[in-house]
Amino acid sequence: MSRLGAVSLLVRDYDEAVAFYVGKLGFDLSDDADMGGGKRWVRVTPKGGQTSLLLARAATPEQIARIGDQAGGRVWLFLETDDFDRDHAAWLKAGVVFRETPRHEPYGKVAVFEDLYGNAWDLIEPANGA
């Protein structure tokens, strides 16, 4: 058996990223360990999810240049929910930026939102609970 355990996400600052993902999106803080030298092992996980985001503080000019543009402006990550309307309303209230109004597609109800750095995500409620 294999599974995707984590996806690395470049961030400017650990604490501001945790505040967004945990405070605004409601993710769980799965790990936050001091690794020395200002480096931390920080993972956030969507509630009920298995794959985490490993928040990786950018350390080089090349990494810093990629913050908020890890996919060249395309939607990069796809977050599935069991209640689109609940999450969309809560996130709007929390100040999360949506690039569009919700729409229905053959695969489900969806809207593109931005994380705190401008990376594009899809919030999706799969059609028929798929």
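Conventions and cut-offs
- Residues numbered from 1 in each chain as written.
- Predicted model: local features only at pLDDT ≥ 70, side-chain atom pairs only at ≥ 80, totals over all residues.
- Heavy atoms only, no water.
- Helix = DSSP H or I, 4+ residues; strand = E, 2+ residues; numbered from the N terminus.
- Rg over C-alpha atoms; globule rule 2.2 N^0.38 Å.
- Pairing = 2+ DSSP bridges.
- Axes fitted to C-alpha atoms, helices over the stretch in contact; angles between N-to-C directions.
- Contact = heavy atoms within 4.5 Å.
- Salt bridge = Lys/Arg side-chain N within 4 Å of Asp/Glu carboxyl O.
- Buried < 20%, exposed > 50% of the residue type's maximum accessible area, 1.4 Å probe, protein only.
- UniProt positions renumbered as here; feature names shortened; annotations may be inferred.

A. Local environment of the overall build of the protein chain. Across its full length, the protein chain holds 3 helices and 8 strands. Scanning the protein chain from its N terminus toward the C terminus, one meets helices and strands in the order β-α-β-β-β-α-β-α-β-β-β. Here the C-alpha atoms of the protein chain give a radius of gyration of 15 Å, agreeing with the 14 Å that 2.2 N^0.38 yields for 130 residues. With respect to the three principal axes, the spread of C-alpha positions in the protein chain is 45 × 35 × 30 Å.

B. Representation of the sheet that holds strand 5 (residues 75-80). Taken in spatial order, the 4 strands of this open sheet run 5-8-7-6, and their pairing is mixed. The open sheet terminates on both sides in strands that have one partner only, identified here as strand 5 and strand 6 (103-105). Taking the axes of each pair of neighbouring strands and ignoring which way they run, one obtains an average angle of 35 degrees across the sheet. Note: strand 6 against strand 7 (residues 108-114), 3 bridges, orientation antiparallel. Residue pairing across strands places His104 opposite Lys109, the latter belonging to strand 7.

C. Geometry of the sheet that holds strand 1 (residues 6-11). Spatial ordering of the open sheet is given by 1-4-3-2, a layout of 4 strands whose pairing is mixed. Two strands close off the open sheet at either side, each with one partner strand: strand 1 and strand 2 (28-36). Between one strand and the next, the sheet's axes are offset by a mean angle of 25 degrees, whatever the strand orientation. Bridge count for strand 2 against strand 3 (residues 39-45) is 7 bridges, and the pairing is antiparallel. Counted as the bridge partner of Asp28 is Thr45 from strand 3. Helix-sheet contacts for helix 1 (residues 14-24) involve strand 1, strand 2, strand 3 and strand 4 (52-57), and the interaxial angle to strand 3 is about 10 degrees.

D. Inspection of the environment of Val96 at higher detail. On the secondary structure map, Val96 appears in the loop between helix 3 (84-94) and strand 6. Each C-alpha atom, one on Val96 and one on Asp115, is 7.4 Å from the other, the two residues being 19 residues apart in sequence. For Val96, the residues in contact, after removing those within four places along its chain, are Phe20, Lys24, Leu25, Trp91, Phe113 and Glu114.

E. Inspection of the pattern of salt bridges at higher detail. Applying the stated rule across the entire model yields 11 salt bridges. As a salt-bridge pair, Asp31 and Arg43 come within 2.4 Å of each other at their nearest N and O atoms. A residue pair is termed long-range when its members are at least 10 positions apart, and Asp31 in strand 2 and Arg43 in strand 3 qualify at 12 residues. Classification of Asp31 by relative accessible area gives partly exposed; the value is 26%.

F. The UniProt feature "domain: VOC" (unreviewed entry) in the protein chain, seen in detail. In the UniProt entry, the feature "domain: VOC" (unreviewed entry) is given for residues 3-126. Counted over residues 3-126, helix gives 23% and strand 41%. Its end C-alpha atoms are 21 Å apart.

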